[in-house]
Amino acid sequence: MTKYVQRSPFSHTFQQASKFFQNLSRFKKSRIFVSLLALSLASTLGLSNLIAPQPAASQSTKEITLVSYAVTKTAYGKIIPKFVEKWKKETGETVKVRESYGGSGSQARAVVDGLEADVTNFALAVDTNRLQIAGLLKAGWEKRLPNNSIVTKSAVVLATRPANPKNIKTWADLAKPGIKVITANPKTSGVARWNFVALWGSVTETGGTEAQAKDYVTKVFKNVPVLPKDAREATDVFIKQRQGDVLLNYENELILAAAEGKASTFALPPVNISIDTPVAVVDKYVDKHGTRKVAEAFAAYLFTPEAQREFAKTGFRSVNPEVAKEFASKYRKIEKLYTINEFGGWSAANSKFFTDGAIFDQIQKDARK
């Protein structure tokens, strides 16, 4: 208490009061009893403002943290207020949702390193599996939510300049000399890994060999002048900085750009990969925060028609059949849509392509020659 009374004429009185409470606490353990006597004495001294009790945190307020990949921010800007309103109406509790967005790989590493996410929505399952490996998430997380926890779908598109002056329409066009391709970095970005697997699959899913796929993808990366860290940054490099002739990105990003009145000329290759993005409730942190109930309710809400419509409005392909039908006119037809399972799942694909020294690193080395 010295800092309050260093120059006060009541210093002696405070010293006596301090000794009194020290002695009192030895035979009376009740904190309430001591606190009431303290307030009474302080009031008598006219100094109650110095030791007034701090207001207790509201028991009707909950706070959760959502950690997601970059391009979901617009959709969550609409979804979160709807959930907050719904939760308040049903439970009487006010819930605050803190948000963090960035490249999927970077976000996953941040959670592993201590960013205490209650709910995650990463661009690919392998990033969510990192949390399980780190002991933050229990095995079987995929089965806890509808649709094996896949909350949205998308595809890879080739965004071009207005009027498409380089006449870029197919996967093969990306390997042509003189074409500048913008794609994010697979080391930090979920969309970049989807892009890479889609490039590879454009060969192997149409009858080509692994060697032919590697040769083709190497040619494409010879045409890549820069590797932005995530999908949103890649879009900014292409649109705002006007680098490159073609941008590989999520279909939803280009649909959203068009909805916002921005130029959006793109080709959707007819052989494509289904970009499936999962949601998870992070066991260690919800238990630590005491937020499991509200976090699970929020994660489940993302699969409702109300939330799925907001995802669809920002260009995602809905996992709800009725909502998908409702927004079908927004999407172009894909003739052959394959999944990551064609590569043995994300664990196998990650090991094959993206770990240190794997195929992506080999291709980068060859592309720089």
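Sequence positions are assigned chain by chain, starting from 1 and proceeding in written order. Predicted model: local features are reported for residues with pLDDT of at least 70 only, side-chain atom pairs are reported and counted for 80 or more only, and whole-chain, interface and lining totals are derived from all residues. Note that water and hydrogens are dropped before the side-chain values are worked out from all heavy atoms of the structure.

Caption draft 1: Local environment of the packing of aromatic side chains. Pairing of aromatic rings covers Phe, Tyr and the six-membered ring of Trp, with a centre-to-centre limit of 6.5 Å; geometry is then stacked below 30 degrees between planes, edge-to-face above 60, and tilted otherwise. Taken as a whole and judged by the stated rule, the model has 19 aromatic pairs. When the centroid spacing of 6.3 Å and the interplanar angle of 20° are considered together, the rings of Phe196 and Trp200 count as stacked. Pair noted here: Phe196 and Trp200 are both in helix 7 (residues 190-204), with a separation of four residues, about one helical turn. For every residue, the accessible area obtained with a 1.4 Å probe (protein chains only) is divided by the maximum for its type, and the residue is called buried under 20%, exposed over 50%, and partly exposed between those limits. When its relative accessible area of 0% is taken as the criterion, Phe196 is described as buried. The rings of Trp194, Phe196, Trp200, Phe221, Tyr338, Phe343, Trp346, Phe353, Phe354 and Phe360 are connected pair by pair, giving a single aromatic cluster. We call a charge positioned above a ring when the Lys NZ or Arg CZ atom is no farther than 6 Å from the ring centre and deviates by at most 35 degrees from the ring normal. The ring of Phe238 has Arg161 sitting right over it, with the charged end atom 3.8 Å from the ring centre. When the ring centre of Phe266 is taken as reference, the NZ or CZ atom of Arg332 above it lies at 3.9 Å. A run of H or I in DSSP counts as a helix once it spans at least four residues, and a run of E counts as a strand once it spans at least two, with each numbered from the N terminus.

Caption draft 2: Broad picture of the pairing of strand 5 (residues 156-160). Counting buried positions along strand 5 yields five of five residues, so the element is predominantly enclosed. Residues of strand 5 alternate between two faces, with Val156, Leu158 and Thr160 on one and Val157 and Ala159 on the opposite face, all of them buried. Across three bridges, strand 5 lies against strand 8 (residues 265-267) in antiparallel orientation. What sits directly across from Ala159, in strand 8, is Phe266. The rule for pairing is simple: two strands pair if DSSP sees at least two bridges between them.

Caption draft 3: Expanded view of the sheet that holds strand 8. Read from one edge to the other, the open sheet built from four strands follows the order 6-7-5-8, with strand pairing classed as mixed. A single partner strand is all that each edge strand has here, and the edge strands are strand 6 (181-182) and strand 8. Any two residues having at least one pair of non-hydrogen atoms within 4.5 Å are treated as being in contact. Every axis corresponds to a line fitted to the C-alpha atoms, with the helix fit spanning only the stretch in contact, and the corresponding angles, defined between N-to-C directions, vary from 0 to 180 degrees. Where helix 9 (residues 231-239) meets the sheet, it contacts strand 5, strand 6 and strand 7 (246-250), and its direction lies at approximately 155° from that of strand 7.

Caption draft 4: Broad picture of the pattern of salt bridges. Salt bridge, as applied in this entry: a Lys or Arg side-chain nitrogen positioned within 4 Å of an Asp or Glu carboxyl oxygen. A complete count under the given rule lists 21 salt bridges for this structure. In this structure, Lys336 and Glu205 form a salt bridge, with 3.7 Å as the shortest nitrogen-oxygen distance. You can see Lys336 sitting in strand 12 (residues 336-338) and its partner Glu205 sitting in the loop between helix 7 and helix 8 (210-222), a full 131 residues away along the chain. The shortest N-O distance in the salt bridge between Glu251 and Arg317 comes to 2.7 Å. One end of the pair, Glu251, is in helix 10 (residues 251-259); the other, Arg317, is in strand 11 (residues 317-318), with 66 residues separating them in the sequence. Like Glu251, the residue Arg317 is buried in the burial classification.

Caption draft 5: Summary view of the nonpolar core. What makes a nonpolar core is a set of buried Ala, Val, Leu, Ile, Met, Phe, Trp, Tyr and Cys residues whose side-chain atoms join them at distances within 4.5 Å. Counting residues in each nonpolar core, the largest one holds 93 residues, and the members touching the most others are Leu174, Phe196 and Ile273. When residues in this core are grouped by element, the largest group, nine residues, is from helix 7. Listed in part, the twelve residues of the second largest apolar core include Val67, Leu131, Leu136 and Leu137.

Caption draft 6: Region of the structure containing the sheet that holds strand 1 (residues 61-69). An order of 2-1-3-10-4-11 is seen for the six strands of this open sheet, with the pairing classed as mixed. Unpaired on one side and paired on the other, strand 2 (94-102) and strand 11 mark the two borders of the sheet. In this structure, strand 4 (residues 150-154) lies alongside strand 10 (residues 275-281), joined through four bridges in antiparallel fashion. Directly across from Ser154, in strand 10, lies its bridge partner Ile275.

Caption draft 7: Representation of the side chain of Thr188 within the structure. Mapped onto the fold, Thr188 is located in the loop between strand 6 and helix 7. Under this definition, polar contacts are N or O atom pairs within 3.5 Å; protein pairs additionally need one hydrogen-donor-capable and one acceptor-capable atom, and for neighbouring residues in sequence, both atoms have to be side-chain atoms. Of the polar contacts made by the side chain of Thr188, one reaches the backbone oxygen of Lys229; its length is 2.7 Å. When residues no more than four places from it in sequence are discounted, the contact partners of Thr188 are Gly103, Ser104, Gly105, Ser106, Arg109 and Lys229.

Caption draft 8: Focus on unusual backbone geometry. Here the phi dihedral of Ser149 falls at roughly 70°; this positive angle occurs in a residue that is not glycine. Relative to the assigned elements, Ser149 resides in the loop between helix 6 (125-133) and strand 4. Classification of Ser149 by relative accessible area gives buried; the value is 0%. In this structure, Arg242 is a non-glycine residue whose phi angle is positive, near 55°. Overall, the relative accessible area of 56% leaves Arg242 in the exposed class.

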